[in-house]
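Summary of the model geometry
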Amino acid sequence: MFLFSCAKAPTKETTEAVAALQKLQAATQVGVNYQTYGQLLIEAKAKVNEAMKSLPDGELKTEMSGAMDSYADASTVWGIKIDRHNLYGDNSEPDKTLIAKYSIPVEPAKYGGPPSADPTKAMQIIWLRADIHLKQIDTILRPSGK
């Protein structure tokens, strides 16, 4: 459980949303299949949506939203990997937007065609961004030096 440095303790909804995001993080660290990831994503999204209703604008809300977006984007990349294997850096969407958003490295095609990014590497990069958001959330919610 968290020790909170905020003047006002976070709501039950905020605590549950953070826990759901941490559950997603744990799943990505130990290995998870696409179906289970999708279920965890739905659960986290519902809890984050609920928490967002009561959170004031600020760093905590921004970081929570950023983590949720990263996990959702990783799911999009995973779906692309299943459907067609690579992310393309040309005008393909959502590929182009995701590559730019996360600075995913793109390599020239070996046999012609548009440059592309490895979706497995892309998911790792995106999950790392989610980890950074969760570390920021932890910093916001924990007192200094604890």
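Residues numbered from 1 in each chain as written. Predicted model: local features only at pLDDT ≥ 70, side-chain atom pairs only at ≥ 80, totals over all residues. Heavy atoms only, no water.

Secondary structure assignment for the chain yields 5 helices and 2 strands. Walking the chain from its N terminus toward its C terminus, one meets helices and strands in the order α-α-α-β-α-β-α. Principal-axis analysis of the C-alpha atoms gives the chain an extent of 60 × 25 × 25 Å. Within the span of the chain, comprising 146 residues, buried residues form 39% of the whole. Across the chain, the fraction of contacts at a sequence separation of at least 24, relative to all contacts at a separation of at least 6, is 66%. In the structure as shown, the chain presents an accessible area of about 8400 Å², 54% of it carried by carbon and sulfur atoms. The distance from the centre of the 17 positive side-chain charges to the centre of the 17 negative ones in the chain is 4 Å. (Helix = DSSP H or I, 4+ residues; strand = E, 2+ residues; numbered from the N terminus. Buried < 20%, exposed > 50% of the residue type's maximum accessible area, 1.4 Å probe, protein only. Contact = heavy atoms within 4.5 Å. Areas by Shrake-Rupley, 256 points an atom, 1.4 Å probe, with all protein chains shown as cover. Lys, Arg positive; Asp, Glu negative; His and termini not counted. Charge placed at Lys NZ, Arg CZ, Asp CG, Glu CD.)

A word on the confidence of the model for the chain. Looking at the chain, pLDDT values average 90 and 92% of them are 70 or higher. Ranking the elements of the chain by mean pLDDT puts strand 1 (residues 87–88) last with 89 and helix 2 (residues 34–54) first with 97. When the criterion is pLDDT under 50, residues 1–7 qualifies, and its contacts beyond four places in sequence or with other chains add up to 22 contacts. (pLDDT = per-residue confidence, 0-100.)

Okay, the pattern of salt bridges next. This model, assessed by the stated rule, comprises 7 salt bridges. One salt bridge connects K47 with E16, and the closest N-O pair in it is separated by 3.8 Å. Of this pair, K47 sits in helix 2 while E16 is found in helix 1 (residues 12–30), placing the two residues 31 residues apart along the sequence. On the accessibility criterion, K47 (28% relative accessible area) is partly exposed. Close ionic contact of K23 with E43 constitutes a salt bridge, the shortest N to O distance being 4.0 Å. With K23 in helix 1 and E43 in helix 2, the pair connects residues that are 20 residues apart, well separated along the chain. (Salt bridge = Lys/Arg side-chain N within 4 Å of Asp/Glu carboxyl O.)

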